[in-house]
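Descriptive structure summary
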Amino acid sequence: QEALNLKTLEKKIASLDQKNDSFNFYLNLQNSANLYLNGGDYQGIDFKTNQMRLEMRGEVVKGIRYRVRHRMNRGTSAEGLDNLSRATDIASISIDVAKNFTITGGKQCTAFGGYEFDLNPIDIYQYSDMIDYMDNFLTGVDFAYQMKGQEFRFQVVNSRNDYMDNIYNGLNGVEASKNALGYTLNWNGSLFNGIVQTRWSYSLFEDAKDMNTNYIALGTQVKLGKKAQLQFDWMNSHEDIDRKGIVSDMVNANGGEYVRASDVVYNSFVAKVDYRVNNKFNMFVKGMYETATNNGNTDTNLNDEFRTSYGYMTGLEYHPIADGLKIFFTYTGRYFDYDSNLTESLGLKDQYTNRFSIGMVYRLKMY
Amino acid sequence: QEALNLKTLEKKIASLDQKNDSFNFYLNLQNSANLYLNGGDYQGIDFKTNQMRLEMRGEVVKGIRYRVRHRMNRGTSAEGLDNLSRATDIASISIDVAKNFTITGGKQCTAFGGYEFDLNPIDIYQYSDMIDYMDNFLTGVDFAYQMKGQEFRFQVVNSRNDYMDNIYNGLNGVEASKNALGYTLNWNGSLFNGIVQTRWSYSLFEDAKDMNTNYIALGTQVKLGKKAQLQFDWMNSHEDIDRKGIVSDMVNANGGEYVRASDVVYNSFVAKVDYRVNNKFNMFVKGMYETATNNGNTDTNLNDEFRTSYGYMTGLEYHPIADGLKIFFTYTGRYFDYDSNLTESLGLKDQYTNRFSIGMVYRLKMY
Amino acid sequence: QEALNLKTLEKKIASLDQKNDSFNFYLNLQNSANLYLNGGDYQGIDFKTNQMRLEMRGEVVKGIRYRVRHRMNRGTSAEGLDNLSRATDIASISIDVAKNFTITGGKQCTAFGGYEFDLNPIDIYQYSDMIDYMDNFLTGVDFAYQMKGQEFRFQVVNSRNDYMDNIYNGLNGVEASKNALGYTLNWNGSLFNGIVQTRWSYSLFEDAKDMNTNYIALGTQVKLGKKAQLQFDWMNSHEDIDRKGIVSDMVNANGGEYVRASDVVYNSFVAKVDYRVNNKFNMFVKGMYETATNNGNTDTNLNDEFRTSYGYMTGLEYHPIADGLKIFFTYTGRYFDYDSNLTESLGLKDQYTNRFSIGMVYRLKMY
């Protein structure tokens, strides 16, 4: 009799358990209190929720997984091309079609390389301009193959979320492309027993007819002994039409009818060293060096090297008991150095900004 | 001792189980890769998330159920009249007040008939214009009575989501109605052992003072042997002020101050045949024939019969292992045939569009 | 053998149970059908969803709790200062740093006093103007200390959600404050064995450089025998720049360039008596008396006492079986009495409005 009851209970629990596997619900939060200095001048303090995203993922049937990640602080109107809003980072289904081979369809994170790009956004205190101005969530299909600790991916996505004319102003006479797609090859490698790891990618995005972006992102991580690691990213984006608009905004600093720059190159180096003091404390330093070059510049008064940007950060992270919870103290400095021709003819001014933050990162598993 | 433990466990499991009954959480997804041809000209390819809705429903207490369905790709600002956004399709509570008798209050799907209307939107690859341009989610009260396999419903809702002037432009001198309500009678029938089923409705919507919409929707489904079925919808909407705006847009094709058409009739026939080849494969063909007539037309150069629209689709659906998952290959053709007077005087052009899609429908039970 | 199985089952159930503690998911709904009379004139009827919010809360680890409350009918674009949308009421983490001492960080309900303010919004049928026009959800840090049934709180938040110039138009020459913070002291008291309870607060908000709001809110609840209770709120807001904008809107009633009023005082008395007839029925009456005074008035034709507003409500609430479900019938009357100088010089008209509602309040625990 009792043995029978036990069987029934076991079955019920197994069914409840299955439900738990198929539904995992996260709240991704980053909050901080901040103090700002521009140059040496005190600018004030404020409280900010830097990141807030809900995430749902799970394995419904063996080999079939879903993932949804949605920002709570973005408008939710659909973009024209992919019919999802920019609030929705990810809405995808992954199917293991063979051992080691997975196809993922839907809106997804682009398969770009680089470690800054690879981390959960709540773990980043300040993005480089390269990633800040990039379209990171696009709709398409990804093919991933795993082999001996290496992962190789090929991804095809729409090259943007909305139609060309809705995104880019100042495109004089540029014609839309019929196949506005982006192609990415990616290698997530692991070498020397994992001491060296890679997030390398090459992408070709067709932005408009005969106008492409070529994007290379080589992220390499090296373990330095048992407690430290170095992450080093090199990113280079050559854009026939200025997707990011950083250079275009400089060109148009004087106002008048907006003209989008063409043949622009953005180049970035990002390095970060983490030192895990002990179980509870982590220290880091991070440096960023970025350039914006206007190869398509036709104004003879201006050098092509428009701007050099520097970023320098350091921080201490404290992990109290709770899983996924991190208290942080950080300093973030930035210096935007415009070419002297630009400061003279276009009135742009170099900027020094400093931010001191105390805050909290929480990848909270609600269910 | 052990018997005692078993009792405690049983109780705990029952309580966990109850929670599971009261919370069901779905992700409704339709994704596709599409290739477009207008007339014979190649227009390009893209990836789209055609539908993305979250749905929560359950029975909290016996006889009391809730349902929420929310689109992830619509703005969420409240409409003026019902104070919910167009992103929220459904937010309702149902109470079984007697055996066979249920009252549902809140924002809900209108009780309109027709099989295209009845299906989950993720199962529709192309709506008819009739339903595409209709307000399908309104706030009010529904009374449903079940008897011998038949369901009869009477529904009263706000006749729109927002105030009249916020929705309809070009209403010269039309006065708002004090009781802007819509009334629907509905019969969801089952005849001949379910071989014939019905989704029939008649609706009267008070759009403005002395201005109504009369809407008839007769959807009938006939089982054709064991593997096939036919669904046939006839829909007719007589609108004193042109709610859908299809005819108004034609009238105003030449620009100038927008004038909303009045006394307009939209009529639609939609037929779909499904053939379930076997457990895993389904094939279908679907045809749509729709007319837009401007009875209130005062321009003697124009016939009242403004436009005839045709739709023709075929597709193959594949059901792999997972419940609620469907892979599809479809062809959708549309032809919009404007009256020759309109093409001549208003410059409107007939349109032929073709779309080939491969994609995925997933009613994913996350919890 | 069986004893072993039992152990395993117990462990599994404990783990499932823990998940249930860490995730509680609510739908907060208030729906109604309403009939409107302005003065004695019938204005019509409609259906409204007055409130719709999702809420998630739980204790992830002992002493660490989260809470998210989000409106489903507000736009979700981020405000500039706190980087969350107005749809998100609450997004906070609470940590018990010591016995009786809790720190809460993130977006939260302000620690203002008053019983109308303290209740769940779905339990309010008509807010006073004071609370309707106030910013109730701000980002910052709260320190709460409990002692002998009393709670004392100190809260520091951003004094607004967005930057000054994005919120307040018509601020001629007012300079933004570097530390745009708001400070609140709060006493949630319990006296005489709980017969008298308090929600008292004093707040100082720095709205702009040398421009503050001083806000006092004293809410007191007295139990009247076993079945009745009285709640009485006095609220007084002295605003150097007119945050609420009620007075400013009157000043600018004639149009022209908008000028924001300064040195404005809003004062409100709200009283509510509840009588719990029995387990299933509750009756209430509520009265509101509010004044808007323009101390900064420079127009000698106008008295400073701009407007007196009255609210008078009564209702019957019925609690059927389901927990958290309430059916209500209410009458709400309002009278806005403008000073005669304003009706004469600015053309403002006194308003009488009446609303009869039948509806439903549901704090629905979905999980």
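The sections below set out a description of the structure shown in this document. (Residues numbered from 1 in each chain as written. Chains lettered and ligands numbered in written order. Predicted model: local features only at pLDDT ≥ 70, side-chain atom pairs only at ≥ 80, totals over all residues. Heavy atoms only, no water.)

Here we look at the overall build of chain A
Secondary structure assignment for chain A yields 6 helices and 16 strands. Computed over C-alpha atoms, the radius of gyration of chain A comes to 23 Å, within 12% of the 21 Å expected from 2.2 N^0.38 for 367 residues, which places it in the range of a compact globule. Along the first, second and third principal axes, the C-alpha atoms of chain A reach 95 × 50 × 45 Å. Sorting the 367 residues of chain A into buried and exposed places 54% on the buried side. Residue pairs at least 24 apart in sequence account for 57% of intrachain contacts in chain A once pairs closer than 6 positions are excluded. About 15,800 Å² of surface is accessible on chain A, with carbon and sulfur atoms providing 54% of the total. Seen as two clouds, the 39 positive and the 44 negative side-chain charges of chain A have centres 11 Å apart. (Helix = DSSP H or I, 4+ residues; strand = E, 2+ residues; numbered from the N terminus. Rg over C-alpha atoms; globule rule 2.2 N^0.38 Å. Buried < 20%, exposed > 50% of the residue type's maximum accessible area, 1.4 Å probe, protein only. Contact = heavy atoms within 4.5 Å. Areas by Shrake-Rupley, 256 points an atom, 1.4 Å probe, with all protein chains shown as cover. Lys, Arg positive; Asp, Glu negative; His and termini not counted. Charge placed at Lys NZ, Arg CZ, Asp CG, Glu CD.)

Re a nonpolar patch on the surface
All names here are of chain A. A cluster of nonpolar side chains, contributed by F143, F154, Y183, L185, Y202 and L204, occupies part of the molecular surface with about 490 Å² of accessible area. Where the nonpolar patch is concerned, the elements lending two or more residues are strand 8 (181-191) and strand 9 (196-208). Mapped onto the secondary structure, Y183 falls in strand 8. (Patch = residues over 30% accessible without salt bridge, like charges linked within 9 Å, V, L, I, M, F, W, Y side chains within 5 Å. Salt bridge = Lys/Arg side-chain N within 4 Å of Asp/Glu carboxyl O.)

What to know about the interface of chain A and chain B
A common way to state how big an interface is: give the accessible area lost once the parts meet. Contact with chain A, which involves 43 residues of that partner, is made by 38 residues of chain B. With both chains or domains summed, chain A and chain B bury close to 3,500 Å², and 67% of this area falls on carbon and sulfur atoms. Counting the contacts that link chain A with chain B gives 15 residue pairs in polar contact (both at pLDDT 80 or more). Within the residue set of the side of chain A that touches chain B, elements represented by two or more residues are helix 1 (2-22), strand 2 (41-61), strand 3 (64-71), strand 4 (88-98), strand 6 (137-147) and strand 7 (150-158) of chain A. (Buried area = accessible area lost by both parts, 1.4 Å probe. Polar contact = N/O pair within 3.5 Å; in protein donor to acceptor, adjacent residues only side chain to side chain.)

Some details on the relation of the copies chain A and chain B
Overlaying chain A with chain B gives an RMSD of 0.0 Å, the required rotation being 120 degrees about an axis along which the chain moves by 0.0 Å. A rotation of that kind, with that shift, is consistent with a three-fold axis. When the interface residues of chain A are mapped onto chain B, a mere 19% of them are again interface residues, pointing to distinct binding faces. (Least-squares fit on C-alpha atoms with pLDDT ≥ 70 in both.)

Examining the interface of chain A and chain C
Between chain A and chain C, the residue contacts involve 38 residues of the former and 43 residues of the latter. Summed over both sides, the interface between chain A and chain C buries roughly 3,500 Å², with carbon and sulfur atoms accounting for 67% of that surface. At the boundary of chain A with chain C, the tally comes to 0 salt bridges. Our count for the contact surface shared by chain A and chain C stands at 15 residue pairs in polar contact (both at pLDDT 80 or more).

Thoughts on the pairing of strand 9 (residues 196-208) of chain B
Residue and element names in this part refer to chain B. Relative to strand 9, strand 8 (residues 181-191) is paired through 10 bridges, and the arrangement is antiparallel. Its bridge partner lying in strand 9, S190 is registered against Q197. Between strand 8 and the antiparallel strand that follows it, strand 9, lie 4 residues; F192 among them carries a positive phi value of about 50 degrees. Sheet analysis places strand 9 next to strand 10 (residues 211-224), joined by 12 bridges and oriented antiparallel. (Pairing = 2+ DSSP bridges.)

Considering the side chain of Q231 of chain B
Residue and element names in this part refer to chain B. Looking at the element boundaries, Q231 is found in strand 11 (residues 228-241). Q231 sits in the buried class, given a relative accessible area of 8%. A polar contact of 2.8 Å, which involves the side chain of Q231, links it to the side chain of Q221. With residues near it in sequence (within four places) discarded, Q231 still touches Y115, L119, T220, Q221, V270, A271 and K272.

Details of the packing of aromatic side chains
Tallied over the full model, the rule gives 57 aromatic pairs over all chains. Ring plane angle 50 degrees and centroid distance 4.5 Å describe the contact between Y125 of chain A and F328 of chain A, whose orientation is recorded as tilted. With a gap of 203 residues between them, Y125 of chain A in the loop between helix 2 (115-118) and helix 3 (129-132) and F328 of chain A in strand 15 (residues 325-338) connect regions that are remote in the sequence. Taking the relative accessible area as the measure of exposure, F328 of chain A reaches 1% and is therefore buried. Consider the rings of Y331 of chain A and F356 of chain A, whose centres lie 5.0 Å apart with planes at 45 degrees: the pair is tilted. One end of the pair, Y331 of chain A, is in strand 15; the other, F356 of chain A, is in strand 16 (residues 351-365), and 25 residues separate them in sequence. Positioned above the aromatic ring of Y26 of chain A is the side chain of K365 of chain A, whose terminal nitrogen or guanidinium carbon lies 5.5 Å from the ring centre. We note R363 of chain C situated over the ring of Y26 of chain C; from NZ or CZ to the ring centre the distance is 3.8 Å. (Phe/Tyr/Trp six-rings, centres within 6.5 Å; stacked < 30°, edge-to-face > 60°. Lys NZ or Arg CZ within 6 Å of the ring centre and 35° of its normal.)

Some details on the pattern of salt bridges
Inspection of every chain in the model, using the stated rule, returns 72 salt bridges over all chains. Notably, a salt bridge pairs R307 of chain B with D129 of chain B, separated by 3.1 Å at the nearest N-O pair. Here D129 of chain B lies in helix 3 (residues 129-132) and R307 of chain B lies in strand 14 (residues 305-318), a separation of 178 residues in the sequence. We classify R307 of chain B as buried; its relative accessible area is 11%. The exposure class of D129 of chain B is buried, given its relative accessible area of 6%. A salt bridge links D207 of chain C to R243 of chain C; its shortest N-O distance comes to 2.6 Å. Residue D207 of chain C is found in strand 9 (residues 196-208), and its partner R243 of chain C is found in the loop between strand 11 (228-241) and helix 5 (246-251); the two are separated by 36 residues along the sequence. Taking the relative accessible area as the measure of exposure, D207 of chain C reaches 0% and is therefore buried.

Examining the environment of R67 of chain A
Residues and elements named next belong to chain A. With respect to the helices and strands, R67 occurs in strand 3. Linking R67 and A91, residues 24 residues apart in sequence, is a C-alpha distance of 5.8 Å. Sequence-distant contacts of R67, defined by excluding residues within four places in its chain, comprise E55, M56, R57, I90, A91 and S92. Polar contacts involving the side chain of R67 include one to the side chain of E55, which spans 3.1 Å.

Observations concerning the environment of F232 of chain C
All names here are of chain C. Here F232 shows up in strand 11. Its relative accessible area of 37% is what places F232 among the partly exposed residues. For the pair F232 and G219, spaced 13 residues apart in the sequence, the C-alpha separation amounts to 5.7 Å. Other than its neighbours up to four places away in sequence, F232 contacts L218, G219, T220, F269, V270 and A271.

A word on the environment of G225 of chain B
Residue and element names in this part refer to chain B. Tracing the backbone shows G225 in the loop between strand 10 and strand 11. For G225, a relative accessible area of 59% gives the class exposed. The spacing of G225 and N73 is 152 residues in sequence and 40 Å in space, taken between C-alpha atoms.

Description of the pairing of strand 3 (residues 64-71) of chain C
Residue and element names in this part refer to chain C. Most of strand 3 sits inside the fold, with 6 of its 8 residues counted as buried. For strand 2 (residues 41-61) and strand 3, the ladder comprises 8 bridges, and the chain directions are antiparallel. Counted as the bridge partner of M56 is V68 from strand 3. As defined by bridge partners, strand 3 adjoins strand 4 (residues 88-98) across 7 bridges and the pair is classed as antiparallel. Counterpart to Y66 in the pairing with strand 4 is I93.

Here's the deal with unusual backbone geometry
If you check the backbone angles, N193 of chain B has positive phi at about 55 degrees while not being a glycine. Mapped onto the fold, N193 of chain B is located in the loop between strand 8 and strand 9.

Let's talk about the side chain of K272 of chain A
Residue and element names in this part refer to chain A. Relative to the helices and strands, K272 resides in strand 12 (residues 262-276). Note on K272: relative accessible area 14%, which makes it buried. Looking at K272, its side chain comes within polar contact range of the side chain of D274, at 3.3 Å. Those residues in contact with K272 that sit more than four places away from it in its chain are Q229, L230, Q231, F284, V285 and K286.

That's the geometry; what it means functionally is another story.
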